[in-house]
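Observations on chain architecture
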Amino acid sequence: MENDDLYGLDRAHLVHPVASWSSHEQQGATILESGSGAYLRDSEGREYLDGFAGLWCVNIGYGHDSVVEAAARQMRQLPYATGYFHYASEPSIRFAEAIARRTPGDLDHVYFTLGGSDAIDSAIRFIRYYHNVTGAPQRKHFIALERGYHGSSSTGSGLTALPLFHDHFDGPSAFQHHIPSPYPYRNPVGPGEEAIIAESVRALRATVERLGAENVAAFFCEPIQGSGGIIVPPRGWLKAMHQVCREYGILLVVDEVITGFGRTGPLFALEDEDVVPDLMTMAKGLTSGYAPLGAVVLSERVYRGIADNAPAGKPVGHGFTYSGHPVSCAVGLEVLRLYEEGGLLANGQRVGTYFQQRLGELVEHPLVGESRGRGLLGAVELVTDKASKTRFDSSLHLSARLLGMARERGLIFRAFADDVIGFAPPLCCSHEDIDLLIECLSSTLDAALDEPDVRAALRHPVPGKESARAS
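Reference entry: report on the structure contained in this document.

The helix and strand inventory of the protein chain stands at 15 helices and 15 strands. Taking 2.2 N^0.38 as the reference for a compact globule, 471 residues should give roughly 23 Å; the C-alpha atoms of the protein chain span a radius of gyration of 23 Å, in line with that estimate. With the C-alpha coordinates of the protein chain rotated into their principal frame, the extents come out at 75 × 55 × 45 Å. In the protein chain, the share of contacts with a sequence separation of at least 24, taken over all contacts with a separation of at least 6, comes to 70%. Of the roughly 20,600 Å² of accessible surface on the protein chain, a fraction of 52% belongs to carbon and sulfur atoms.

Put into structure tokens, the structure is as follows:
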């Protein structure tokens, strides 16, 4: 089929996620055709360094034949097996065991979903069930972080605290509450780590006590906030929040959908904090995006609370047709092998250190207020004035313009709200790939700086150029 036909069919029939439908009708799609390693090629023959690993998910990179072969073998042998009626398949059993062996503490019970959003919804349903059958049916309130992202399903989108996911969707619900993000770059208490942790502890305590500790079901958080702008809390922050949850008898849910599977260095980001939550959600890197799959991992406490207190012989009424899909689980097992035996986890740790070093160099650029991240997860935040941290006026649409400029230079990244641009390159990247990413990003920032309206918005002198005030 000719590309012109595909563009027309896309406009006429394919609804794109998180897009302006009317704008897409005008702009149309970039049709991706193939991928290899950290690179993508579109239908026009243009090549891109994928600095965002698809949607933070293609952690192993593109084109691993062993994953394709694992999927094909399973499709030939048994393409589908239901988990209902006490049936199972070997890949789902083995993958559940493999995950349980690698998650910390007593996180030993795995419920498979299709992705991250329904993993969050499943966690919410299990939490409600747990409290209802263990004698605390009044625990109905959920707390999460401002700027947090926990999917876009009907319930999870309310825990998400990004306005776009609430506008015209009637969210969040009355039982969903948010406390301020730790956000070191813009925290009102300043950048001091102890002060930031103390303020988050204070905010969580205050919200719990306002609602009544006996009424709060759970606290949800990401170890590093992803879609909210790649916000990296101080080390010790997650452990401190865990302690508050324990003090009030609140369940802690750690959302590792983005941060899991080597994205920040270790297999899971919470390993840096030595925290064992009550539930843990994962997806994305679970199969490296080669097949849809997510999971909720339940602690022994939560699992036994449900198993031992549910009405005798009555099924727990939560399930998905594709839970534990054998093909997806076969893919996940091979992806996990590539992380460990294939050396991708170790490579990601080596290259992640280099990536953070190179990303840090960009703070010298006139447009950059801060660079931040951990491992192969990073962001730069753009400001008009480095001292005051003033944001660009939203009418400039700066991050969206940078997205287009970078694409012209062969680089894909993510443009967030508030002029934050984010990166999550694949774990297969080399130092040379990172150098190319930084080179393309620097060129993109320079091109933006040459735009008259962008330069005029700056409130500090630019070496070699007229400052906005001098003009």
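With respect to topology, four strands assemble into an open sheet ordered 1-2-3-13, the strand pairing being mixed. Of all the strands in the sheet, just strand 1 (32-36) and strand 13 (411-412) have a single pairing partner and so form its edges. Bridge count between strand 3 (residues 47-50) and strand 13: two bridges; the pairing is parallel. Following the sheet pairing, Leu49 is matched in strand 13 by Leu411.

The next subject is the side chain of His109. Positionally, His109 belongs in strand 4 (residues 107-113). Judged by its relative accessible area of 18%, His109 is buried. A polar atom in the side chain of His109 sits 2.6 Å from the side chain of Glu300. Leave out the neighbours within four places in its chain, and His109 touches Val296, Val297, Leu298, Ser299, Glu300 and Tyr303.

With respect to the helices and strands, Arg374 occurs in strand 11 (residues 368-374). We classify Arg374 as buried; its relative accessible area is 14%. With near-sequence residues (within four places) excluded, Arg374 lies in contact with Ile224, Val232, Pro233, Arg235, Arg263, Thr264, Asp272 and Gln356.

In the structure shown here, the tally under the stated rule is 23 salt bridges. The shortest N-O distance in the salt bridge between Arg147 and Asp418 comes to 3.0 Å. Placement of the pair is Arg147 in the loop between strand 5 (141-145) and helix 7 (156-159) and Asp418 in the loop between strand 14 (414-415) and strand 15 (420-423), with a sequence separation of 271 residues. We note a salt bridge from Arg246 to Asp278, for which the minimum N-O separation is 3.2 Å. Here Arg246, found in helix 9 (residues 237-248), pairs with Asp278, found in the loop between strand 8 (251-255) and strand 9 (279-282); they are 32 residues apart in sequence, far enough to count as distant. Connected through salt bridges with shared partners, the residues Arg186, Glu370, Arg372 and Glu381 form a single ionic network.

This paragraph deals with the sheet that holds strand 15. Hydrogen bonding along the main chain pairs the strands of a sheet, whether they run parallel or antiparallel. Judged by pairing direction, the sheet is antiparallel, and its four strands sit side by side in the order 11-12-15-14 without closing on themselves. Whereas interior strands pair on both sides, the edge strands pair on one side only; in this sheet they are strand 11 and strand 14. Two elements, strand 12 (residues 377-382) and strand 15, share four bridges in a ladder whose sense is antiparallel. In the strand pairing of strand 15, Glu381 is matched with Val420. In the packing of helix 12 (residues 344-360) onto the sheet, contacts are made with strand 11, strand 12 and strand 15, and the angle to strand 12 comes to roughly 10°.

Moving on to the packing of aromatic side chains. Within the structure shown, the criterion is met by 14 aromatic pairs. Taken together, the aromatic side chains of Phe52, Trp56 and Phe416 make up a single cluster linked through ring pairs. In this arrangement the basic side chain of Arg128 is found over the ring face of Phe175, its NZ or CZ atom lying 4.9 Å from the centre. Here the guanidinium or amino end of Lys389 rests over the ring plane of Tyr185, the centre of that ring lying 4.5 Å away.

As a further point, take the pairing of strand 9. Here strand 9 shows two buried faces, one formed by Leu279 and Thr281 and the other by Met280 and Met282. Bridging between strand 8 and strand 9 involves three bridges; their strand directions are parallel. Within strand 9, the residue paired with Asp255 across the bridge is Thr281. Bridge count for strand 9 against strand 10 (residues 294-299) is four bridges, and the pairing is antiparallel. Pairing of Thr281 across the sheet is with Val296, part of strand 10.

Definitions and cut-offs
- Residues numbered from 1 in each chain as written.
- Predicted model: local features only at pLDDT ≥ 70, side-chain atom pairs only at ≥ 80, totals over all residues.
- Heavy atoms only, no water.
- Helix = DSSP H or I, 4+ residues; strand = E, 2+ residues; numbered from the N terminus.
- Rg over C-alpha atoms; globule rule 2.2 N^0.38 Å.
- Contact = heavy atoms within 4.5 Å.
- Areas by Shrake-Rupley, 256 points an atom, 1.4 Å probe, with all protein chains shown as cover.
- Pairing = 2+ DSSP bridges.
- Buried < 20%, exposed > 50% of the residue type's maximum accessible area, 1.4 Å probe, protein only.
- Polar contact = N/O pair within 3.5 Å; in protein donor to acceptor, adjacent residues only side chain to side chain.
- Salt bridge = Lys/Arg side-chain N within 4 Å of Asp/Glu carboxyl O.
- Axes fitted to C-alpha atoms, helices over the stretch in contact; angles between N-to-C directions.
- Phe/Tyr/Trp six-rings, centres within 6.5 Å; stacked < 30°, edge-to-face > 60°.
- Lys NZ or Arg CZ within 6 Å of the ring centre and 35° of its normal.

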